[in-house]
Amino acid sequence: MSRRLMTSPLPGRFGHKHLLGIEGLSPDEITLLLNTADACVEQNRRVDKKQSHLRGLTQINLFFEDSTRTRTSFELAGKRLGADVINMSVQHSSIKKGETLLDTAMTLNAMSPDVLVVRHPNSGAVQLLAQKVTGAVINAGDGSHEHPTQALLDALTIRRRKGRLQGLLVAICGDFLHSRVARSNIYLLNAMGARVRLIAPPTLLPREAERLGVEVFHDMRRGLAGCDIVMMLRLQQERMQGAFLPSTREYFHFYGLDAEKLALAHPEAFIMHPGPMNRGVEIDSEVADDIHRSLIAEQVEMGVAVRMACLEILTGRLRNDTGAR
Ligand code: ASP
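Peer 1: What exactly am I supposed to notice about the pairing of strand S3 (residues 115–120) here?
Peer 2: Successive side chains on a regular strand alternate, one facing one side of the sheet and the next facing the other. Of all the six residues making up S3, six are buried; the element is thus mostly covered by neighbouring parts of the structure. With five bridges joining them, strand S1 (residues 58–63) and S3 adopt parallel strand pairing. When the sheet's bridge partners are listed, Ile60 is paired in S3 with Leu116. Here S3 runs beside strand S4 (residues 136–142); their pairing, made up of five bridges, is parallel. Considered in S4, the bridge of Val115 is made with Ala136. With helix H5 (residues 125–130) bridging S3 and its parallel neighbour S4, the resulting β-α-β unit is right-handed.

Written out as C-alpha cells, the structure is:
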C-alpha cells in the first residue's frame, strides 16, 4: 500500500487533505471540527487525559516564528492523542545555515511525518510547503493570511458560551491589516451565519475589508453598540514598517477596550483576545482580567481541544461521538 493511502485517508465528511485556512471550508466541515473538539474538551478535563487514537503516527511542529500558545497546544494535543511529537525550532535547525523552505520540507518529508504543523512569517508559505510533502499539513499561522485553528478555537469558545454562532453580532477590533486571526475569524463567522463588525483606524484597515462581507467602523463607540462578542486584536508592531499610528497612548484612547467602551456593547457581551496581549495598548487590564466577561483563558483551553480535533480529522482517526448539532 502506498504511504499516502496508509497515512492520509480523507475522512468521510471532511474533504481536505490539509488544513491551510478556513476559506473554502463548508459549514458542515466547520461543525464537524467543532463537534469533535467538544468531545476533546471533555477528555482534557479528566484526570487521565491520554488516549491512543494517534498511536504510531508522527507529528512534526515546524515553527519559523515565535509562538507560546499555538506551539505548546499543538504539542499537548498530539501527546494527548498518543502521537510521537517532535518540535523543530528554527533557531537550532539548518534553516539558520541557509537551507531553503522547500529543502527543509523535503528533508522532513523523508522522515515520514504523518502531520506537519507549520507557522511561517510569509503568507502562502505553508501552502507551498503542503504541495511538497506526503502527510497532512496544518497551518499554524502564515504571515497576515490565515490562522485557521485560532478561528476554530474562538468559535468553539463562543459556541460553548452562547450555545450558537448563528445570528450573533461579533465585533473584531484593532490591527486588522496585519491580522491572520481576524481574516480566519471573518471567514468562519460568515460561514456560520454570525454578523461581523470590523472596528479599526483607517490606517489599519485596507479598503478590501468591506469585500469580506463585514460592516466597517472607525468609531469604536458606534461599532461596539449592541455586540455580543468583542474580539480584540494585538497591535502587531513587529509587522509594521513605517508610522501607522501617532502613538500607542493615542491608540488606546480611541481603540483600546476599557470598561467605559465595553459598557456600549450588549450587557452580557464577552471579551476575547488571541494573545499575546499588549495591556494598556489594545486592552485595559481591568477588562482583560474580569472573570465574568473575559474568555481569554478559556480560549487557551479550547485551543488544545481544537488542535486535537484537527489532528484526529486529518489523520482519519476520528472518535465516534461527534454527531452534527
Ligand atoms: N497569536 C496570534 C497569531 O499568531 C495573534 C497575535 O500574534 O497577535 O497570529
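More follows now that the structure is in view.
Peer 1: I'm lost on the nonpolar core in this one. Help?
Peer 2: Soluble globular proteins tend to pack their nonpolar side chains together in the buried interior. Grouped together as the largest cluster of nonpolar side chains are 64 residues, with contacts concentrated most on Ile138, Leu152, Ile172 and Leu188. Sort the elements by how many residues they give to this core and helix H12 (residues 296–315) lands first, with ten residues. Beyond its immediate chain neighbours, meaning those up to four positions away, Ile172 contacts Ala182, Asn185, Ile186, Leu189, Val196, Arg197, Leu198, Ile199, Met231 and Leu233. Ranked by size, the runner-up nonpolar core spans 26 residues in total, among them Ile199, Met232, Ile271 and Ile296.

Peer 1: I tried to follow the site of the ligand on my own but got confused; where do I start?
Peer 2: Lining the immediate environment of the ligand, one finds Arg119, His147, Arg180, Val181, Arg234, Gln236, Gly275 and Pro276. Arg234 places a side-chain nitrogen or oxygen 2.7 Å from an oxygen atom of the ligand. A distance of 2.9 Å separates a nitrogen atom of the ligand from a polar atom in the backbone of Gly275. When the ligand is considered free in solution it has 260 Å² of accessible area, and contact with the protein chains removes 93% of it. By residue class, the composition of the shell around the ligand is two nonpolar, three polar and three charged.

Basis of the calculations
For every chain, the first residue of the written sequence is number 1, and numbering continues from 1 along that sequence. Confidence filtering applies because this is a predicted model: local features only for residues at pLDDT of at least 70, side-chain atom pairs given and counted only at 80 or more, and all residues used for totals across whole chains, interfaces and linings. With hydrogens and water stripped out, all remaining heavy atoms of the structure feed into the side-chain values. Here the term buried applies to any residue with accessible area under 20% of the maximum for its type, exposed to any over 50%, and partly exposed to those in between, with areas from a 1.4 Å probe on protein chains only. Helical segments are the DSSP runs of H or I of at least four residues, strand segments are the runs of E of at least two, and each set is numbered from the N terminus. Strands were regarded as paired on the criterion that DSSP finds at least two bridges between them. By convention, orient the strands away from the viewer: a clockwise path from the first strand over the helix to the second makes the crossover right-handed. Residues grouped as a nonpolar core are buried Ala, Val, Leu, Ile, Met, Phe, Trp, Tyr and Cys residues, joined through side-chain atoms within 4.5 Å. In this analysis, two residues are considered to be in contact whenever any of their non-hydrogen atoms come within 4.5 Å of each other. In this text, near means that some heavy atom of the residue lies within 4 Å of the molecule or strand in question. We define a polar contact as two N or O atoms separated by no more than 3.5 Å, with the added condition that, inside protein, one atom must be a possible hydrogen donor and the other a possible acceptor, whereas residues neighbouring each other in sequence contribute only through side-chain atom pairs. Each accessible area value is a Shrake-Rupley result obtained with a 1.4 Å probe; residue values ignore everything except the protein chains displayed when judging cover. When residues are grouped by polarity, Ala, Val, Leu, Ile, Met, Phe, Trp, Tyr, Cys and Pro land in nonpolar, Asp, Glu, Lys and Arg in charged, and all others, Gly among them, in polar.

By themselves, these figures tell us nothing about what the structure is for.
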